[in-house]
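Structural description and commentary
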Amino acid sequence: MDYKKLPIILKRYSFDEKMRVLQYYSKQIMDINGIELKDEQPMAWELETFLLFTVKATEYQNKDFKGKNINEFIKIINCIKGFHHPIMSSKVGTFKFADFLLIALGSTQFDLQSFHTYKYYRYNYFFTYVSNNLNMKEEFYNKFNVDYNSFLEFGSILSLFFSLKVNLDSEILKYIVLKYTKTTSLLMISRDEFEKQIDKFSNSIDDYLYCIRPSYIYPFIEYNKTISLPLPHCITRSITDSLLYRLTDSNSKLRTLFGKNVLEDYLFGILNKSSLFDEVIKEKKYKKSHNILQTSDVMCRINDNYIFFESKATVPYAKTRCLDDNFINQEINKIRDAVVQLYKQIHLDFRNIYDFFKNNQEVTFDYNNCYGIVVLLEESYIRRELIYKAVAKKLKINEDSELYIWIINHIKICNLYDIEKYAFSDTDILSALKEQLKNNTPYDYPLSNVKIKSKIKNADVYYFEKKRADNIEKFADELIEVGLLKKE
């Protein structure tokens, strides 16, 4: 089957049938804690690509994928699986191919495999945050005219039922949608608008493999007075990352306030709540010459070891997923600047100009025991060596110099989810950093080589998840009471 002919082939199948088959296979990969990747099932990103073709293909026949016809669906999925982006194909045999492959696969696959409880907890904190500087709860309500709990309940209920492979017949789904009518409408888009969103995020069908999917933002599609939910596995993303994107889109002031208040306080809170450090200190101001500067967002000490965390609320440019070199380079420079900033705060200023730790007289200081981590809200999956080489160029240092070797071993880049995994389970971050140094793998992802403890140690996360489960159970009882669900 020819990838370029998929737009024509899919016109032969009814829109409702394509929605049905997508929902069936999307449901198969859903797990109570997230997405369960199975070799025998179409992968999530393949289904997402199929949906892009589906929305664009104006039907002229009403064929279906039932019975033996399901083989045609599998052929289409295999065609999508086997297609290679022309830009990728042109780089086969070069380092650029590996760079593009990491960006493409990371962007479409890795986020799906995250533990949903952590994402729900994170965004519940974000959207209900209130301080003297910023009231996110109010900002959220002003934008959507509902509070975040409506999204959380709605998304949690749907995700659980689908992950349990419960047959959500039309009556149950209708009941859920009617109960959360306003929330549903905010997660719904017309087919025509979905088409426009596809064109916004892609240049051609070649980009469908990796581009941002409108289903990340709007999992419900309205067409011919019918509402469809083709990819229920996208619900979690639509009520977490995507809501923040929608809330702060074209509002740079709010995005800045969010980064300086919500994200910094969240990072401090989860690190301080863990038992990983002897001291955890928030960002402080200090004077250097005639300038008033700020330390990193969170400073931690374990005996005579120090870890400095600098959070960044920026997210990758959409076109990096389409392998656009211009945007990839902009992304590299953005992260490069954060690494340089953290290097200066630690290597040049800490202990020379400022030190806010209480026990500084009781420890033996060594810069080799100092680490910095740039914490990205969302990962771009750009190869770390490219970023470090850009750092060397900006600092005008040689790549074989002692300073460069120190930077690549002591200033790390990871996403917020990596920090959450360690902090919520009390898994030792310092050991992971030292393990990478010991293995002489400075360009590897820094927090990926240590086995994470599975048990949640953070009481706030534990009780948040318990409350969420209780709310789902109450709703199940409600369905039983109205006769839509049988009690087992």
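In this text the structure is predicted, and so the values were computed from the model without any measurement.

Parameters at a glance
Residues numbered from 1 in each chain as written. Predicted model: local features only at pLDDT ≥ 70, side-chain atom pairs only at ≥ 80, totals over all residues. Heavy atoms only, no water. Helix = DSSP H or I, 4+ residues; strand = E, 2+ residues; numbered from the N terminus. Rg over C-alpha atoms; globule rule 2.2 N^0.38 Å. Buried < 20%, exposed > 50% of the residue type's maximum accessible area, 1.4 Å probe, protein only. Contact = heavy atoms within 4.5 Å. Areas by Shrake-Rupley, 256 points an atom, 1.4 Å probe, with all protein chains shown as cover. Lys, Arg positive; Asp, Glu negative; His and termini not counted. Charge placed at Lys NZ, Arg CZ, Asp CG, Glu CD. Expected span 1.5 Å × (residues − 1). Pairing = 2+ DSSP bridges. Axes fitted to C-alpha atoms, helices over the stretch in contact; angles between N-to-C directions. Core = buried A, V, L, I, M, F, W, Y, C linked by side-chain atoms within 4.5 Å. Salt bridge = Lys/Arg side-chain N within 4 Å of Asp/Glu carboxyl O. Polar contact = N/O pair within 3.5 Å; in protein donor to acceptor, adjacent residues only side chain to side chain. Parallel < 35°, antiparallel > 145°, perpendicular 65-115°, else oblique. Left-handed = near helix turned anticlockwise from the far one by under 90°. Nonpolar A, V, L, I, M, F, W, Y, C, P; charged D, E, K, R; others polar. Arc of directions from axis to C-beta.

Within the protein chain, the secondary structure is distributed over 21 helices and twelve strands. Since a compact globule built from 488 residues should have a radius of gyration of about 23 Å, the 24 Å found for the protein chain is in line with a globular shape. With respect to the three principal axes, the spread of C-alpha positions in the protein chain is 75 × 55 × 40 Å. Taken across its 488 residues, the protein chain has 53% of its residues classed as buried. In the protein chain, 77% of the contacts between residues at least 6 apart in sequence involve partners at least 24 apart. Total accessible area on the protein chain stands at roughly 22300 Å², and carbon and sulfur atoms take up 48% of it. Across the protein chain, the mean location of the 69 positive side-chain charges is 2 Å away from that of the 65 negative side-chain charges.

Below, the discussion takes up helix H9 (residues 148-163). The end-to-end C-alpha distance of H9 is 22 Å, a good match for the 22 Å that 16 residues give at a rise of 1.5 Å each. In terms of burial, H9 is largely enclosed, as 13 of its 16 residues are buried.

So, on to the sheet that holds strand S11 (residues 370-376). Overall, mixed pairing links the five strands, which are arranged S6-S9-S10-S11-S12 in an open sheet. Two strands lie at the open edges of the sheet, namely strand S6 (279-282) and strand S12 (411-415), each paired on one side alone. Here the average twist between neighbouring strands, direction ignored, is 20°. The sheet contact formed by S11 and S12 spans five bridges and is parallel. Each bridged residue has a counterpart across the sheet, and for Ile-373 the counterpart in S12 is Lys-412. Helix H16 (residues 325-349) rests against strand S10 (305-312), S11 and S12 of the sheet, and its axis sits at about 150° to S11.

This part is about the nonpolar core. Of all hydrophobic cores here, the largest spans 160 residues; its most connected members are Phe-126, Leu-271, Phe-309 and Ile-429. Once residues within four sequence positions are removed from consideration, Phe-126 is found in contact with Met-136, Leu-244, Phe-258, Val-262, Leu-263, Tyr-266, Leu-377 and Leu-416.

Locating Tyr-208 in the fold gives a position in the loop between helix H12 (191-201) and strand S4 (220-223). Residue class for Tyr-208 comes out buried when judged on its relative accessible area of 4%. Each C-alpha atom, one on Tyr-208 and one on Phe-144, is 29 Å from the other, the two residues being 64 residues apart in sequence. Apart from residues no more than four positions distant in its own chain, Tyr-208 is found in contact with Tyr-3, Thr-49, Leu-52, Phe-53, Lys-56, Ile-198, Ser-202 and Arg-213.

With the rule as written, the count across this model stands at 35 salt bridges. With its nearest N and O atoms 3.2 Å apart, the salt bridge here joins Glu-193 to Lys-196. Of the two residues, Glu-193 and Lys-196 are both situated in helix H12; the distance of three residues between them amounts to about one turn of the helix. Exposure remark for Glu-193: the relative accessible area of 35% places this residue in the partly exposed category. In this structure Lys-196 comes out as exposed when scored by relative accessible area, which is 53%. Notably, a salt bridge pairs Lys-394 with Asp-337, separated by 2.8 Å at the nearest N-O pair.

What follows deals with the sheet that holds S4. Strand order in the open sheet made by the three strands is S3-S4-S5, with mixed pairing throughout. Two strands bound the open sheet, and with one partner strand each, they are strand S3 (188-190) and strand S5 (226-228). Adjacent strand axes in the sheet meet at a mean angle of 30°, parallel and antiparallel pairs treated alike. Both S4 and S5 contribute to a ladder of three bridges, which runs antiparallel. Looking across to S5, one finds that Glu-222 is bridged to Ile-227.

Attention shifts here to the side chain of Ser-425. Looking at where Ser-425 falls in the secondary structure, it is placed in helix H19 (residues 416-425). For Ser-425, a relative accessible area of 0% gives the class buried. Within polar-contact distance, the side chain of Ser-425 engages the side chain of Thr-427 at 2.8 Å.

Let us now look at the packing of helix H3 (residues 44-56) against H12. At a minimum axis separation of 9 Å, H3 and H12 run at an interaxial angle of 120°. With respect to their mutual orientation, H3 and H12 come out oblique. As H3 packs across H12, the resulting crossing turns out to be left-handed. Residues Leu-51, Leu-52, Thr-54, Val-55 and Lys-56 of H3 form the contact with H12, whose own contacting residues are Arg-191, Phe-194, Glu-195, Ile-198 and Asp-199. Taken together, the residues that form the contact of H3 with H12 break down as five nonpolar, one polar and four charged.

Direction vectors running N to C along helix H8 (residues 136-144) and helix H14 (residues 241-248) enclose 80°, while the axes themselves pass 10 Å from each other. Between H8 and H14, the crossing angle belongs to the class labelled roughly perpendicular. Between H8, through Met-136, Glu-139, Phe-140, Lys-143 and Phe-144, and H14, the contact on the second element is made entirely by Leu-243, Arg-246 and Leu-247. Across the contact of H8 with H14, the residue classes break down as five nonpolar, no polar and three charged.

Within helix H10 (residues 170-179), burial applies to Ile-172, Leu-173, Ile-176 and Val-177. When H10 is viewed along its axis, its buried side chains cluster within an angular range of 130° and face the same direction. Those residues of H10 that are exposed and aimed more than 90 degrees away from the buried face are Ser-170, Lys-174 and Leu-178. In this structure, the buried residues of H10 make contact with H9, helix H11 (181-186), S4 and helix H21 (459-481).

Looking now at the pairing of strand S9 (residues 298-302). For S9, the tally of buried residues reaches five of five residues, placing the bulk of the element in the interior. The two faces of S9 match: Val-298, Cys-300 and Ile-302 on one face and Met-299 and Arg-301 on the other face are all buried. Strand direction decides the pairing type here: S6 and S9, joined by four bridges, are antiparallel. When the bridges of S9 are listed, Glu-279 appears paired with Arg-301. Bridge count for S9 against S10 is five bridges, and the pairing is antiparallel. Residue pairing in the sheet places Met-299 in a bridge with Phe-308 of S10. In this structure, the hairpin formed by S9 and S10 is closed by a connection of two residues, where Asn-303 is found at a positive phi of approximately 55°.

Treat this as a map of the structure, not an account of what it does.
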